[in-house]
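Here is how the chains run, residue by residue.
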Amino acid sequence: MDSQKRHARQFSLELFPPKTAAGADKLKRAHGAFAALGPAFVSVTYGAGGSTRDRTYNTVEMLHRAGSTPVAPHISGMGASRAEMLELLQRYRQLGIKRLVALRGDLPSDMVTGGDFPQAIDLVRFIRQETGSHFTIEVAAYPEFHPEATSPEADIGYFREKIGAGANSALTQYFFTAQAYFRFIDSLEKVGVDLPVVPGIMPITNFTQLDRFSRICGAEIPRWLRLRLQAMETDEAALADYGQDVIQALCEELLAAGAPGLHFYALNRLEPTRTLWNHLGLNSLAGRPA
Ligand code: FAD
């Protein structure tokens, strides 16, 4: 973990573009409370195959104009042409955006073409080629390995190349076992990767959704946690309390070991993230190395 301890800690939040005008209003109101936490940035997700391109842009624009918290759009290359991507990068640049989360993304089942960016590395290269050092580029990392990984070594090798193409730092897929992250960092150190790799944190509020999503993205819910959450499935309040304890303990373990921050999958729900943020006292830790 030594490579991570020297980085200033940064705490951030992830939101998604609302589908309706009512959802957008609600997010605009919640944004003030999210911003009051003092995150380093809030990121806004991007639908598979560019399906939320305009909604993501509109949400980013709304949040950017609403306050001083930096906003980081997610961009996925899957399904996009170079011309479309260049236009999007220019729009974000003109808006005053300085940070991007660059992803491969996944192809929706009804789309047949993969576009000009088969892997995230192709998008990172393109952003650097077209916009130089204007954007800080975050990329995705998978401490429990990507669902398509052919081997841990291959996944780590491709990740190293992606960082080498010009990424500044990484945000991880969420996980519930701190050891997975520590061992992933050890493996990165062995191949010379020492940029910040910020753990992604998923607050626990609903077992069915968490289970479905975890199966898709390859995040493992350990048996002890799965059985506990299953047993509380019908008692929302008990599950939220228990989830809060488990995630707080995970965050404490990660920070004590030197993690260079935390990235919360807040997903437009203020309360679980705000409670964790305040209980962990993140404001007093931000901006300082471990
Ligand atoms: P890559 O880095 O390209 O990796 C994908 C897989 O391909 C890995 O197994 C890798 O080892 C392998 N690989 C890489 N290069 C090569 C190569 N040259 N040859 C063969 N294999 C290779 N998805 C969205 O659609 N929208 C979002 O907003 C979004 N936000 C996310 C935020 C975070 C923090 C994370 C962790 C994920 C997010 N995702 C999002 C999910 C992500 O798009 C998927 O996990 C996707 O399947 C992989 O994207 P990637 O950028 O990690 O791809």
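Everything that follows concerns the structure shown earlier in this document.
Residues numbered from 1 in each chain as written. Predicted model: local features only at pLDDT ≥ 70, side-chain atom pairs only at ≥ 80, totals over all residues. Heavy atoms only, no water.

**Brief notes about the site of the ligand**
Now for step 1: Taken together, 20 residues form the shell around the ligand, and within it Y46, D106, Q119, Y142 and D155 come nearest.
Now for step 2: Note that an oxygen atom of the ligand is positioned 2.8 Å from one of the backbone N or O atoms of R104.
Now for step 3: Notes on the ligand: free accessible area 980 Å², of which the protein chains cover 83%.
Now for step 4: Every element with two or more residues in the shell around the ligand is listed here: α6 (152-164) and β6 (169-174).
Now for step 5: Split into classes, the residues belonging to the shell around the ligand amount to nine nonpolar, seven polar and four charged. (Near = heavy atom within 4 Å. Polar contact = N/O pair within 3.5 Å; in protein donor to acceptor, adjacent residues only side chain to side chain. Areas by Shrake-Rupley, 256 points an atom, 1.4 Å probe, with all protein chains shown as cover. Helix = DSSP H or I, 4+ residues; strand = E, 2+ residues; numbered from the N terminus. Nonpolar A, V, L, I, M, F, W, Y, C, P; charged D, E, K, R; others polar.)

**Looking at the pairing of β6**
Now for step 1: Among the six residues that make up β6, six are buried, leaving the element largely enclosed by the rest of the structure.
Now for step 2: The handedness of the strand β5 (residues 136-141) to β6 crossover, carried by α6, is right-handed.
Now for step 3: Of the pairings in the sheet, the one linking β6 to strand β7 (residues 197-201) comprises three bridges and is parallel in character. Looking across to β7, one finds that A170 is bridged to V197. (Buried < 20%, exposed > 50% of the residue type's maximum accessible area, 1.4 Å probe, protein only. Right-handed = clockwise from strand over helix to strand, strands pointing away. Pairing = 2+ DSSP bridges.)

**Thoughts on the pattern of salt bridges**
Now for step 1: Counted according to the given criterion, the structure contains 10 salt bridges.
Now for step 2: In this structure, D211 and R215 form a salt bridge, with 3.1 Å as the shortest nitrogen-oxygen distance. Taken as a pair, D211 and R215 lie in helix α8 (residues 207-217) at a separation of four residues, close to a single helical turn.
Now for step 3: Among the residues examined, D211 registers a relative accessible area of 12% and is labelled buried.
Now for step 4: In this structure, the salt-bridge partner of R226 is D211, at a minimum N-O distance of 2.9 Å. Taken as a pair, R226 in helix α9 (residues 223-231) and D211 in helix α8 lie far apart in primary sequence, 15 residues in all.
Now for step 5: Judged by its relative accessible area of 21%, R226 is partly exposed.
Now for step 6: Connected via shared salt-bridge partners are R104, D106 and E148. (Salt bridge = Lys/Arg side-chain N within 4 Å of Asp/Glu carboxyl O.)

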